[in-house]
Amino acid sequence: AAAYTINTDGTLTAVGPTTRDGRSDTCWLVNTDNGKYAYTTNFGTGDISSFLVNSDGTLVLLNPIAGTTSGPAGASDETFSGNSQYLYARNSATGTIDAFSVGNDGSLVKIQTVVAALPGGAGLGIAAK
């Protein structure tokens, strides 16, 4: 994962070095509303990694496997509830969405798995309100 600042002219500037999570096929990254934590889905390993976002924007790996989705592979898109209290991750290989509660320390606890579509079927993203 890599962090960037967005300049006033819309261009990007790298904040620091790439931070590796040791997983396979990092697919999607989302930040909490307060900007304190970031999470990536890892398609090849079917899990989610967590990062602390420092005040200067650099990333520190918290947990390479902060949560697992419903399948040995396929973790793709993810989104937060409006208050970043819950994280939702789509597994495109199994057609499921896994819901996690987000702890104050950035930890994840799986609270639900929902069958959303046929495995490998329609639906390319996920949105939450």
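These notes cover the structure that comes with them. If you're wondering where the values come from, they're calculated on a predicted model, not measured in any experiment.

Analysis parameters
- Residues numbered from 1 in each chain as written.
- Predicted model: local features only at pLDDT ≥ 70, side-chain atom pairs only at ≥ 80, totals over all residues.
- Heavy atoms only, no water.
- Helix = DSSP H or I, 4+ residues; strand = E, 2+ residues; numbered from the N terminus.
- Buried < 20%, exposed > 50% of the residue type's maximum accessible area, 1.4 Å probe, protein only.
- Areas by Shrake-Rupley, 256 points an atom, 1.4 Å probe, with all protein chains shown as cover.
- Pairing = 2+ DSSP bridges.
- Axes fitted to C-alpha atoms, helices over the stretch in contact; angles between N-to-C directions.

Another point: the overall build of the protein chain. Within the protein chain, the regular secondary structure consists of 0 helices and 10 strands. When the elements of the protein chain are put in sequence order from the N terminus, they spell out β-β-β-β-β-β-β-β-β-β. Taken across its 129 residues, the protein chain has 36% of its residues classed as buried. When the accessible area of the protein chain is evaluated, it comes to approximately 6900 Å², of which 55% is carbon and sulfur surface.

Taken in spatial order, the 4 strands of this open sheet run β7-β8-β9-β10, and their pairing is antiparallel. Single-partner strands in this sheet number two, and they are β7 (75–80) and β10 (108–115). Across the sheet, the mean angle separating the axes of adjacent strands is 25 degrees when strand polarity is ignored. Two strands pair when backbone bridges link them, and β7 and strand β8 (residues 86–91) are joined in this way by 4 bridges, in the antiparallel orientation. Bridged to phenylalanine 80 within β8 is leucine 87.

Okay, the sheet that holds strand β4 (residues 37–42) next. Working definition: the strands of a sheet are paired by backbone hydrogen bonds and lie parallel or antiparallel to each other. Reading across from one edge, β3-β4-β5-β6 is the order of the 4 strands in this open sheet, with antiparallel pairing throughout. Edge positions in the sheet fall to β3 (26–31) and β6 (59–68), since each has one partner strand and no second. Strand-to-strand twist of the sheet, defined as the mean angle between neighbouring strand axes without regard to direction, takes the value 25 degrees. Of the pairings in the sheet, the one linking β3 to β4 comprises 5 bridges and is antiparallel in character. Bridge pairing in β4 places asparagine 31 opposite alanine 38.

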